[in-house]
Structures are given as C-alpha cells and as structure tokens.
Amino acid sequence: MLLLSNALRKTDLRTDGYRNNGELMPKRRDIKKIMLIGSGPIVIGQASEFDYSGTQSCKALKLEGIEVVLVNSNPATIMTDPEFADKTYIEPINPDILKKVIAAERPDALLPTMGGQTALNMAVALSDSGVLKQYGVELIGARIDTIKKAEDREMFKVSMEKIGLKVPFSKYTHSKEEAMRFARDIGFPVIIRPSFTLGGTGASVAYNIEEFEDKVEYGLSVSPSHEVLLEESVLGWKEFELEMMRDKNDNCIVVCSIENFDPMGIHTGDSITIAPAQTLTDKEYQSMRNAAIKIMREIGIESGGSNIQFAVNPVNGDMVVIEMNPRVSRSSALASKATGYPIAKVATKLAIGYTLDEITNDITKNTKASFEPTIDYVVTKIPKFAFEKFPQADDTLTTQMKSVGEVMAIGRTFKESLQKAIRSLESGASGMARRIKRDDYNTSAVLDKVIEGLKRPSPDRLFYIGDALRMGFAIEEIHKYTAIDPWFLNNISEIIRYEDRISSLRGYSLSDAEAIKIIRDAKGMGFADRYIASLLGTAESVIRKVRTGNGVKPVYKVVDTCGAEFEAYTPYLYSTYEDENESVVSQRKRVVILGSGPNRIGQGIEFDYCCVHASFALREEGYESIMINSNPETVSTDYDTSDKLYFEPVTYEDVMNIVDLESPYGLIVQFGGQTPLKLSKRLEAAGVQVLGTSPESIDMAEDRKRFRELLERLQLRQPTSYTATSVEEAIRIGNTIGFPLILRPSYVLGGRAMEIVYDNDELIEYMEKAVNVSEDKPVLVDKFLDGATEIDVDAISDGDIVVIGGIMEHIEEAGIHSGDSACSLPPFSLSQHLTDEISRQTRILAKALNVIGLINIQYAIKDNEVYILEVNPRASRTIPFVSKSIGVPLAKLATKVMLGRKLKDMGFTKEVITDYITVKEAVLPFVKLPGVDTILGPEMKSTGEVMGIDRTFALAFAKSQLASNILLPLKGTIFISVKDTDKLLIVPIAKGLKKLGFSIVATRGTAQVLTASGIEVRVVNKVVEGRPHIVDLIKNGEIAMLINTTFGKKSIKDSYSIRRSAITYNIPYYTTIEGADAAYKAILALINGDITVTPIQNLYKTV
Amino acid sequence: MAVLVLEDGSIFRGKSFGYRGVAAGEVVFNTSMTGYQEELTDPSYYGQILVATYTQIGNVGTNTQDYESDKTYLGGFIVKEYIDYPSNFRSTESLDSFMTRHNVIGMYGIDTRMLVRRIRTKGAMMGILSSFDESEEALKFKLGKQPPLLGRDLVTEITAKQPYDFDEPLWSLKDGYKSMHEKKNPLVAVYDFGVKRNILRSLVSAGLRVRVFPCTTPVGELLRDEYKGIVLSNGPGDPAALSYIIENTKELIASNKPVLGICLGHQLLGLALGGEAIKLKFGHHGANQSVLNMKTRGIEITVQNHGFAIKPESIQDKADITHINLNDRTLEGFVHKTRPVLSFQHHPEASPGPREAGYIFKEFAKLVYERR
C-alpha cells in the first residue's frame, strides 16, 4: 500500500494535540499516580543534575494533574521540598524500602528514568523481584527489556550487530581465567568495564598482563553481577555523544551533539566537552544521527531520552558505538543547558503519553518539542576535580570518572567559551595559565615534564598544552602526544599567540585606539580582565577601567534553541563581545543572586538549593530575580527558576558587567557558599548593595583576630587560639598551649588544608605545606579539644529577633569535619541546660554580628563547657537538611528577611521542636578513588549526604546508613580493633553485639580487654603481623562489619589496607567509637523492629 | 576587510575571506550547523548571499565529495568566525581557498546573530557584499540598481546546457560514490531548474536510472515512453516567473506519468494545479524543521531552503495535503487526488541535513515501478 497516495481525503490541517476525530487526547488517562525515584546522595558520577531533572519532572507531572510520589534520600534537593510532590519520602533508596512505599501508595506507574543509574537499577530490582507485578505498577519511560538491552553490554553488543553497527570487539566474562585468554587473543591495551556500575566505577585500561590481572579482579569485585566486559581499546579515537529523544509514535530527534575534547579512554564525565560537534562534515554527522535513531528503535526507547556515545577513527572516519544510557543523564542536563531544550521535562511528558509535536517549546512558544535545536554559539564544559583533597589519589584520567563537578560556559566561539569555562572553574586560573615559567623553557627537565604532561591525561593537561605551544611545539606534535583533535589545538594556539599581541602593549598607553582594538579583540576571544592584567603586569581594575571607559563592554545574547529564527520569550542569557545586546532591563525592582559555581567537595548542591530558594522568595515578594551561575548540573540554571538567568562565570568581572547593565536594587551573596562571598567585599566597594548581613560582619567572623576580640567582648569561650605567620611562631604557640593542635588557613570552606597535629614534627610538616596553600594569609593555630562533642546550629535573624532553625549534634567527635560527620537533629545526648546555653550564645552572636539572614555556628562541648569553634554569618551546608527536618524553608525566609520582612510577620518566631529524629549522614567518594585512605579528619572529603527520619535516633541512624548504601548486618562476625583510649568504651558495645548473636574477632590488644570483660573473642592478626590476617578474612567474606579506631600516623598507616578492603567489599566500617555505638544501636533497633516509611508531608502536619 | 550593505540601509563591516569582489543578492540565513560545502554548491542559492547562524565555519575544510553541483552558486557567504585550520580526514582544501577558486565572497567577524535578527524582523532583504574598499554610498547606489527578485527567471541561467545521464548513488564512507550501472532499472527524466546532486543520487539509490534535461527542453521530449517518471527539481527564485515551465508542468501532470516535485519543482506543481504562491517573510533555510506527516501523524525532521510557498487552501480541491510545517503550518507536501503526482516543499534528499525524508524517493520509485 502506497503511503502517500492514500492520504486522507478530508485533510485535517490542525497540527497540535488532535487526533482524527478532533478530540484532544494527548496523554494517558489511566495513570493518576506516579512514583518517581531520585538518585540519592551526590556521589562522583551522579550529582545535582538529577535534582535538576527530577525537579523538572515533578513540576511537569503536577501540572498534568498527576499525583506524584517521590522517593529520595537526599535532603539537599529541591525536588524533596514538600511542594514538589504530593508525597515525598525522604527514605533510603533500596528495593525493600521502595516496596514499602509502593505498598503504602499503590502508584499506577513508576518513572525510573529521572534518577540516574540508581533509579534505573531499582526499577530492574523491583521488576525482577516481582514487586511491580504484585502491586500492578506499570513501568513508564523505559521498559524493563529496554533497560536491560541498553545496560547489559553483551545484549547491547548483540543488538548493535543486528542493526549493522560496529562496536569495539569485546567479551563478557565472569572469570579471571577466561579474561586472561581473551587479553592474549586481542592484545593490549584492553578496557575492563564492570557491568551495572555507576559512573564507570571499576572501569580501567590495562596496558600489560600484570595490570590486567589486578584490574579484572577489581572489576569483578565491584560489579553487582560479578561480570566484566573486556573491550578492544579504541584509545585515541574521537569521542562524540548524541542526546536523543523518541516518542511512542516513533518520532525521534537529536537534541544536541557533543564532541569530546579529550579522545577515547577518558570517561566523558572527566572530559572537556564541546557542543555542538565541531569536526564532522554533514555526511559523517548524518551517518551518526541515523545510527543513533536506529539504536533508539532497536533498543526500544519509546518515550524518553537517551544518550548515545560514539567513537570515530580520526584517520578514516570509521565509527563504533560505545554505549547508551536509556534515561536522562549528566550529558542530558548539559545538553539541556547547552540548547535550552528541557530534556527531562519533555521526557516526562513523553512517558505519560504525549508525542513530541504535542509539546510546545517554552522558549519560542512557536515551535514544538519536535523541532531539533540549533545553536549559534559554542558551549564548553570542563570538569572540576578535587585531587587536592586526596593527595594519595592518582590524578590520571581514565575510564573511571573522578571529577566532582563541572562548569559550562557559552561563547560565540570555542576560544571564548573555553576561556570563560576556565575562569568559571575557580581553580585560580583566569585563562590558559602557565604551568612552566618562561625562564625554564629551555631546560631538558622541563621539556620532559611538558611531554609527560601532554601524554598523561590529567586535569592539568589543558595547561600543559598552553605551555607546549608557548615553548614552540607544533600542533602536530602535541596531537601526537595527546590525540586531541588538531582543530581544538589550533584554537588554543590562537589564544596563546594572542597573548603576545596583548603583552606587546606593555609599557604603552592602553587608551590608544590600537590598544583598545587589541583589548576588544582579546575580550572577543574570551580573555579575562584579570588575565590581560597579568600579561601586562597591571591590576585587573586598570583593565576594567580602560575597557569600560572606551566602550568595550559585553552584550548579552539569548539561548533560544533556534539560532534566532524565532523570537525567544525566556531571558536565558550569556555574554559576548559583539554589537547587539538582547538583554532587556525591566522596570521592576531587581535583585541579583550569585550562584555557587561548580560543585566541589565542601560546596555543592546545598548552596544551589539555597540560591533557588532565594529566587523563589524574590518572585514571591514581587522582585525580579536574576541568577548568575556557571554550573550546568543545577536547578538554579534552569531557565524557569529565575526571571532572568545569566549563564556566566561567577567572577568579579562577569558579575560587575551584569551589575553595570542591570543596576539591581541589591545583590544576594550569602547563599552561594565561598564563591560569591569571596567577591562580596569588592562588589560592595564597587557600590553594589549587598543584601542582608554586611560583608563587614562576614569578614569579622572570618578574621580570627577580630573574631577573638568580639568573643572576648561578649564573654564567650573558644578553644585557645592564635594565628601564626611563620613556622617558628607556630612552634612557639604549640609549646605554650600544648598539643594536640588544630591548624587551618583562614578563609576556607570544607576544611581545606585543615589538620590535627600531635607533635612538633607534624606541626613543622604542616606549616611548610600550608603556607604555600594560602599564601600571605596566616595559619590559625587552635587548641584541639580531644574527645569533645561537636554541635552545629543554624539560625535566622531579622535584626529584631533570632530564631533557632536547628541544633544538630554530631555523632563523630569534634575534629572530624562537620561536613563528614553524621549528625542528629534534635540532639540525642545534650541536657536541656546545654541546649539552652547554646541557643543563648547563638542569639548573642547573631545580634553582635548584626546578622540579617542566616547564621551557622559550630560549637564543641567538653566537660559541660560550651566552646565556639566557628561562626559563619551566611547559609551553611546544613540549611537544606535543617529545613527538611523542621519543615520550614529557612533560605526562603532568610531572603525575605534580607528584603526587610520581619520573622514575626511571617510567623516564624520560635524554634520548631519535632517529635521525630532526623539523622544526616555523609557519603564519601572512596570507592571511586583507589589508593585513598578512608579515615576521616578535619579536612572534608564527602561529596554528598542523606537523611534518615524516624521516631527514634536508632532507627533514624539505621535509615541514614541504609541510605548511604551501608548495609548494617543483622548477624555474622564483627571485627574490632580500637585505640587505647577507646578500649574501655568499646566493651559495652561488644557485649551488646555479642548478646545479639554476633561473633567477634579482634586484634590482640583489643581482644585482651574484651576477654578480660568476659566477652568471647577470636584473635586475628593485624596485617603487619603476618598471614592469615584481617584483610584475608575480609576478602573471604567472613566479616560483616568493622570497628577500627586509630591513633597516630603509624597506626593509621598499618590499618589502611583494612579500611580499603572494607570499601572494596562494601562492608560497613566505623572509625570512631561514637559511630560504632550508633551503629550498634541501629542494629539493635533493626533486629527488634521493622523499618516503616512516612512521607514528610505527614510529619510536618504533626509539628 | 569586507562590508555588507542592506536594503534597509544597515551596514555590517567585517573581515574578508574567500574571493575578493562584489556581489549583490537576497540575504538569507541558514540554521544548519553542518554542511557548508553542500550549501555553497547548492544551485538553489543562486543569486543569494547566505549568513550562517552557526558561528564557526571552515572547521572541516572542503573535500572532493561534498558537492551538490560542480560549482558554487552563492554570491556571498557571511560567518561569525572563519576557521582557517580544517580538521577532517576527508578534507583536501581549506574553505578560503575553495571559495577563492569558486568566486564566492566571504565575510567574517561580524555580529551574525544581529544580522539574522534583523532579517527575521524585517524579512529577507537585498544586500550587497563587497570586499573592496568602496564607500557606502557607492554600494547603496549599486544595490539600488539590482533587479528585484520577484518575477525574475533565474532558472534558465543555471540549468544544464545539455542532457546528461547520472549514475552516482548516495554517499557511503566505504565506497564514496561508486557508480551504479543497473541497466534494467527504469529511466526517469529530471527537469533541471538547478538540481542538487543528492536528488539524483537518491533517485539512483532508489533503483532508478536518471537522465537530466535542461529546463528549456520541450516537454514532448520528456513525455517519451522511455521515461517512466518525471522529476521537477529544486531551483532558485520566484516560481511565478517561470510561466513556460508551469505550462509544461500541466502537461506532465496530465500525462499520468509519475511526477515528483521538490522545492521549486513542488511550487511549480502547485501553480500548475492552479494554486497560489506566496513569498515568505524570511523563508525557511535549515536542517531542523519539523514537518507533520498528515497520514501517519508522524514527524519528519526535514531540510528546507525556500523563500516561497504554496498556499494550502489554493490547491485543496485538486490535491490532498500530506505534509504540514509544524512551526508555521505552511504547506510541505501534497499528492494529486487522481494523478500519480508527489510534491514536497522540503528537501527529502537532505545534504546537508537529516535524511529521514529520504523514503520519499522510494515512494516515487514504487510508483514508477508499478507503472512501467
């Protein structure tokens, strides 16, 4: 039957939302209640992009009148705010818990494609175990066979071959022996990919048989199904990604093409990536597009988005398919931000039965979601790493993702977007900074260093490329070492060459026409004022003045999905140096919110959460909210979060440019963490009104000297503290106040470079390292309160009254960074007297610092005395947790307070006392960072957090453990090895565990104490004592949980392999006595009773 | 340096690349992010100056395969950034050198988005592009002397000089364009109004033999028995100016041979059926236009390059509408109610752009096979 000649006789020219009988029937009507699974805590490979997608999804579903049931253990998400779903379960994401939620809620359908790999894995588990069938829950967005076909590498390979596409030669195996045979057959290098893991966990490249053996063993151990895929290496091929959408009518589009700057062999999450693809001709691009559409059909994605990765041989254009993700992903978040096309929202609508032509493009209002975005700019994403936190980690980039965040920048050219992205990273570089000093160019050691820097992929490689070009390396040569496409290298080369043009102005008047022209062109290439200033040996302010004085100012262009073909109605803007400005300044009262830039350890989603609340509050109060941020993973950079979005670096220059254009009423800096805070004084000096607590007060709290004076005046106590500017001074202080000491540079977030030292040697070692870290800023030397209890308080002040948001008691003792410590709200062991005293001191401090907005204070309690450790008159990392605990949106209230509203008028005048307990637990990235010690200390290492809510502390703690994927054992053998000061404290815990039926093995010293207390113990060797030792037991699966506290560097070193193997085999381990005690209580509670689930909406009702 | 002066008096100054010269024409923009070599060699652009909305052009150089005709037709090509460092395994020549060799004037370094927005709000305008140091007044004067686009027959200027056979199939990475000699395949005749080679290649790959005729060929020649189907190609300009071809088209429709019209060919079919052509404000030029297939209710992402369109109401009594543009609901395709005539405003041959409408050639081939 001929398709076209049988066209309808009566032509229906209506094109949207209608079917033949003229009835509007876009969505399925049989689905009234949908369950959504979030991605849980932020971990490497799964970050706030899933809050972005999940939030979009919740909003889209609610607008359709569908009842939304959400499960997510991460309290720092916007999606878990009570108004985004009808029922929000902040509960562990685990098949048993999800089953309980399903049993309680009886949803019609489960949408598993918004919560990353976590949600997808849960869907598979719930389907395999028959739960979905039992409760009649339909899987929407992706079918189970589709998920399996896409995720199981063997099935995927078969599917690709079926549709005539090539995949790298590969084999899937469960055994090491078979793996060895395969490797001998195909030769090295070989890629090892464990099945069903997240962010490529355990994936690696082996270059020889020895490496191969180790890596296969590791890969098998981290795969939940104990299988690995061994793959022919396509190292050095070009890597591309396509973001695809397909609906139930087989309409399929490409939302965005992405080209990786880094070639194959580096996880795409760790690669610099560029949109759109740059080095494909149309013929090659269309072949890739066709292949992608075929893949969507073959795998069976019927209503949603997918990300498909391809590798292309640069020599002959051969193309192979690498993998696909049948869900929204980090790349889809990037693609959404890069194009303005809201993938998660559209995917959600497709899942409930819409087709692409029925969904209107919000930006143009004129086009449909079936219109393929086209872009008229270049987007560059650069990952953000945290290797400075993990000195033992190998910073070589491989197929296992290691980055903790990313920035995106938009420019009209690659050069411009690359340089904007570099300065968005806040790594200290405002452009293609040097790694090598000019004077060192000609030494052979430096030559070797640069070649090594080119050959070995690392976060620094981009900068070594710059140095190599300055040293005269040819593009071809750099290409040979890096396999990076010469196209990118040439662009960088043009940037480097232009540095000389700029430098040639040294000593000349910058306001000459010729100089202005050079500066203008430099700005067009993305050079930062600060970088230009450094090339000219002058101050950033000088460049800024010359530039703005001569009309060299940026204009703002709109991200519109269509290359200006249609008018855009959403002010999603980026800067460039061209002629026409499209940013229309409104007549309304405007407030600018500075975002927190890239996620990193110590500054992540919690601050984005606060910024989003600030924006909501502004809109509620009738102000125009203007967001500036550079992090594509966030809700704050969704184009409909604020009235106006500037996707720009959060630097002085870029912020001031926007301020100059917008002349806002004020600026909000206290929600974005250290990034905006660092700018606040300069912005204020430039005449900008900083809303809320003044930068002066913030500075007073950060400056130790001034702060000490303040505390003395208020007669509040703090641990004896001094500042030292030299090694000698530090030693003198140490000898006066006595060890242990806690050392830290001033002005840091996340406890960067903070350490506890126990003797002079450690002190000297630290000072020599640290003074470099913080340059001329002094080092703070405090007496460390050994064994103290740490308390965190968040409060809000409107200038008249101060209301406590929450008092949190840390489970780990003081000395563990508060971001890494589990904590309980309300406190579980404090007397009323102490909580009253803490509240009193909080009020005094908030008043004294003239806080308007939020304040966070950390206290330590030792021997019933309250000490103040730190005061931050701004939003803290715990604001979302406290807000979720008490059911009050503190950041939103704080914003309104900053605009002049009073707490009394808003009805928040006294602390909320809950009748349930919430426990926050930190989630650590060690599984992704082989070789790193897992011991906790004053330097923050966690990437995310989860929350457990229940009626008792023990159950709330148990949930917090479960939510961080720590499976507390209910039977088995527990290993105990504790430091001397803990030996008496462990006895009741061990006794209790024994009573619950656990067996105990312990190292000699600990065993002696336990035996003496009448506890039956088996002695096991420490690793240094010879085999069989504790690690052997762990490897043999004989240990169900470990308790291991240590003192001193030697003991820490000796027990390192224990902690590492616990990570590898995912065995719960506790390195503090307090943690062990909480775990024991949780186990007891789990044995005595079952976990129940409650939506937060029900909890808040009872408050 | 280079300068562009528009009909409305606006002036854009940039840098020059490619051929040094002066060219006047209608200034249009294309939103495709790939395929500039195909665009440069697309005869439909004859008499036009093209602005690329994508900002970096030249990335992949040019090569010996990505031609849509044997030369270029654009008068000028305006881009934000010209990249003089091609990187692609097929690249044999830089775009600058290619444009110089083919007499295409290039300008880069201007705010192309501003220019595009101006065209969008004011509509497609005539413009003059010069890479010489000429005064604005002189350029304005020259621009004023340009004949208007409406009513001009551009087709006879670029049609084939004599008939020729074409045997290249669609491109593949492995074989490039390996000639096909399938003597048993039915032969179709193509009226060349400025045909893109990918139309011919698509026909060959659909199992047809192809003979191309100058647009001035008497229609009787094409109506001979040996031609089992007729293709009316794409081409530049105003369809209403081509009255002699419209007359020929009426005869072709009446002949009962399968007829396929593409772009200008489609507009001519529309006019031959008594329809009405309108000039669009700034046309459709891009590779991402979503079109609704009225029969399947499926969406096709299509390639478009046209400034005129047929009003759907004007042909509805003779034809069934098969395709509608989802953005502005303009006519994208129809079939004749009683004759084997298929007609498409968009470019099913793609090149550059998505190939998913390529099934149309198979539909046409099927009609040809059924009736041979």
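Remember, it's a predicted structure, so these values are computed and weren't measured experimentally.

## A closer look at the overall build of chain B
Then, number 1: What chain B contains, in helices and strands, is 10 helices and 19 strands.
Then, number 2: Taking 2.2 N^0.38 as the reference for a compact globule, 372 residues should give roughly 21 Å; the C-alpha atoms of chain B span a radius of gyration of 20 Å, in line with that estimate.
Then, number 3: Seen along its three principal axes, the alpha-carbon backbone of chain B occupies a region of about 60 × 45 × 40 Å.
Then, number 4: Taking as baseline every contact in chain B between residues at least 6 positions apart, the subset at least 24 positions apart corresponds to 76%.

## What to know about the overall build of chain A
Then, number 1: For chain A, the count of helices and strands is 37 helices and 38 strands.
Then, number 2: Taken over C-alpha atoms, the radius of gyration comes to 29 Å for chain A, in line with the 32 Å a tight globule of 1103 residues would show.
Then, number 3: Along the three orthogonal principal directions, the C-alpha set of chain A runs to about 90 × 75 × 70 Å.
Then, number 4: In chain A, which comprises 1103 residues, the proportion classed as buried is 60%.
Then, number 5: Residue pairs in contact within chain A that sit at least 24 positions apart in sequence constitute 70% of those at least 6 positions apart.

## A few points about the confidence of the model for chain A
Then, number 1: In this model, chain A carries a mean pLDDT of 92, and residues with pLDDT of at least 70 account for 96%.
Then, number 2: Confidence drops under a pLDDT of 50 for residues 1-24 of chain A, and excluding neighbours within four residues, the segment shows 44 contacts in the predicted structure.

## Some thoughts on the pairing of strand S18 (residues 331-336) of chain B
Residue and element names in this part refer to chain B.
Then, number 1: Most of S18 sits inside the fold, with five of its six residues counted as buried.
Then, number 2: Of the pairings in the sheet, the one linking strand S17 (residues 319-325) to S18 comprises five bridges and is antiparallel in character. Its bridge partner lying in S18, His 323 is registered against Gly 333.
Then, number 3: Sheet analysis places S18 next to strand S19 (residues 341-344), joined by three bridges and oriented antiparallel. Bridge pairing links Phe 334 to Ser 343 in S19.
Then, number 4: Connecting S18 to the antiparallel partner S19 that follows it, the hairpin turn spans four residues.

## Points about the packing of helix H18 (residues 529-536) of chain A against helix H19 (residues 540-549) of chain A
Residue and element names in this part refer to chain A.
Then, number 1: Where H18 contacts H19, the axes come no closer than 8 Å and their chain directions differ by 110°. The angle between H18 and H19 falls in the class roughly perpendicular. Between H18 and H19 the crossing geometry is right-handed. Contacts from Asp 529, Arg 530, Ile 532 and Ala 533 of H18 reach H19 at Glu 540, Val 542, Ile 543, Arg 544 and Arg 547.
Then, number 2: Along the lines of polarity and charge, the residues of the contact of H18 with H19 split into four nonpolar, no polar and five charged.

## So, the sheet that holds strand S22 (residues 666-668) of chain A
Residue and element names in this part refer to chain A.
Then, number 1: Read across the sheet, six strands follow the order S17-S18-S21-S20-S19-S22 without closing on themselves; strand pairing throughout is mixed. Both edges of this open sheet fall to strand S17 (555-558) and S22, since each of them pairs with a single strand only. Strand-to-strand twist across the sheet, computed as the mean angle between neighbouring axes with direction ignored, equals 30°.
Then, number 2: As paired strands, S17 and strand S18 (residues 572-576) are joined by four bridges and run antiparallel to one another. Each residue of the ladder has a partner; that of Lys 557, found in S18, is Tyr 574.

## Some details on the interface of chain A and chain B
Frequently, the measure chosen for interface size is the accessible area removed from exposure when the parts meet.
Then, number 1: Across the boundary between the two partners, chain A contributes 59 residues, which contact 56 residues of chain B.
Then, number 2: Elements with a minimum of two residues in the side of chain A that touches chain B: helix H9 (282-299) and helix H16 (486-503) of chain A.
Then, number 3: Of the residues in the side of chain A that touches chain B, the class split is 21 nonpolar, 21 polar and 17 charged.

## Re the sheet that holds strand S29 (residues 823-825) of chain A
Residue and element names in this part refer to chain A.
Then, number 1: An order of S31-S30-S27-S28-S29-S32-S33 is seen for the seven strands of this open sheet, with the pairing classed as antiparallel. Across the chains shown, the open sheet's two edge strands, defined by having one partner strand only, are strand S31 (865-872) and strand S33 (944-950). Pairs of neighbouring strands in the sheet enclose a mean axial angle of 25°, with direction left out of account.
Then, number 2: Sheet analysis places strand S28 (residues 802-813) next to S29, joined by two bridges and oriented antiparallel. Each bridged residue has a counterpart across the sheet, and for Glu 809 the counterpart in S29 is Ser 824.
Then, number 3: Contacts from helix H30 (residues 953-963) reach S29, strand S32 (917-923) and S33, with the element oriented near 145° to S33.

## Some points on the domain arrangement of chain B
All names here are of chain B.
Then, number 1: Splitting chain B by domain gives domain 1 (2-144) and domain 2 (155-371).
Then, number 2: Of note, the centres of domain 1 and domain 2, computed from C-alpha atoms alone, are 27 Å apart.
Then, number 3: Listed by partner, the interface residues are 24 residues for domain 1 and 26 residues for domain 2.
Then, number 4: For the side of domain 1 that touches domain 2, the secondary-structure elements that each account for two or more residues are strand S3 (22-30), helix H1 (36-40) and helix H3 (112-122).
Then, number 5: When residues in the side of domain 1 that touches domain 2 are grouped by element, the largest group, three residues, is from S3.

## Overview of helix H2 (residues 95-105) of chain A
Because an α-helix packs 3.6 residues into every turn, residues spaced three or four apart end up facing the same way.
All names here are of chain A.
Then, number 1: Listing the buried residues of H2 in full gives Ile 97, Leu 98, Val 101, Ile 102 and Glu 105. Taken end-on, H2 shows its buried residues confined to a sector of 140°, consistent with a single buried face.
Then, number 2: With its phi angle positive at about 45°, Arg 106 sits one or two positions after the end of H2.

## Some words on the pairing of strand S11 (residues 252-260) of chain A
Residue and element names in this part refer to chain A.
Then, number 1: Extensive coverage of S11 is indicated by the burial of nine of its nine residues.
Then, number 2: Pairing between strand S10 (residues 238-246) and S11: seven bridges, direction antiparallel. The residue bridging Glu 241 from the neighbouring strand is Ile 258, located in S11.
Then, number 3: Hairpin connection, S10 to S11: the antiparallel pair is bridged by five residues, and Asp 250 has positive phi, about 70°.
Then, number 4: Bridging between S11 and strand S12 (residues 273-275) involves two bridges; their strand directions are antiparallel. What sits directly across from Glu 259, in S12, is Ile 274.

## Notes on helix H10 (residues 330-339) of chain A
All names here are of chain A.
Then, number 1: For H10, the buried fraction is high: 10 of the 10 residues fall into the buried class.
Then, number 2: Listing the buried residues of H10 in full gives Arg 330, Ser 331, Ser 332, Ala 333, Leu 334, Ala 335, Ser 336, Lys 337, Ala 338 and Thr 339.
Then, number 3: Positive phi appears at Gly 340, one or two residues downstream of H10, with a value of about 85°.

## Re unusual backbone geometry
Residues and elements named next belong to chain A.
Then, number 1: Residue Pro 826 follows Leu 825 across a cis peptide bond; omega there is -5°.
Then, number 2: As for its placement among the helices and strands, Pro 826 is situated in the loop between S29 and helix H27 (832-848).
Then, number 3: The step from Arg 1027 to Pro 1028 runs through a cis peptide bond, and the omega angle for that step is -5°.
Then, number 4: As for its placement among the helices and strands, Pro 1028 is situated in the loop between strand S36 (1018-1019) and helix H33 (1030-1035).
Then, number 5: Notably, Lys 365 is not glycine yet its phi reads approximately 60°, a positive angle.
Then, number 6: Assignment of secondary structure puts Lys 365 in the loop between helix H11 (343-351) and strand S15 (378-384).
Then, number 7: Classification of Lys 365 as exposed rests on a count of 12 C-beta atoms within 10 Å.
Then, number 8: With a phi angle near 65°, Asn 864 is a residue other than glycine that sits in the positive phi range.
Then, number 9: Looking at the secondary structure, you find Asn 864 in the loop between strand S30 (853-862) and S31.

## As for the environment of Tyr218(A)
Residues and elements named next belong to chain A.
Then, number 1: If you trace the backbone, Tyr 218 turns up in helix H8 (residues 209-222).
Then, number 2: With 19 C-beta atoms packed within 10 Å, Tyr 218 lands in the partly exposed category.
Then, number 3: When the C-alpha positions of Tyr 218 and Ser 204 are compared, they lie 9.6 Å apart, and in sequence the two are 14 residues distant.

## Some points on the environment of Ile1034(A)
Then, number 1: Note on placement: Ile1034(A) falls in helix H33.
Then, number 2: The contacts of Ile1034(A), once residues within four sequence positions are left out, are Ile1039(A), Ser1061(A), Ala1062(A), Tyr1065(A) and Ile1067(A).

Cut-offs and rules
Residues numbered from 1 in each chain as written. Chains lettered and ligands numbered in written order. Predicted model: local features only at pLDDT ≥ 70, side-chain atom pairs only at ≥ 80, totals over all residues. Helix = DSSP H or I, 4+ residues; strand = E, 2+ residues; numbered from the N terminus. Rg over C-alpha atoms; globule rule 2.2 N^0.38 Å. Contact = placed C-beta atoms within 7 Å. Buried ≥ 20, exposed ≤ 12 C-beta atoms within 10 Å, placed from the backbone. pLDDT = per-residue confidence, 0-100. Pairing = 2+ DSSP bridges. Axes fitted to C-alpha atoms, helices over the stretch in contact; angles between N-to-C directions. Parallel < 35°, antiparallel > 145°, perpendicular 65-115°, else oblique. Left-handed = near helix turned anticlockwise from the far one by under 90°. Nonpolar A, V, L, I, M, F, W, Y, C, P; charged D, E, K, R; others polar. Domains from an automatic or database assignment. Arc of directions from axis to C-beta.

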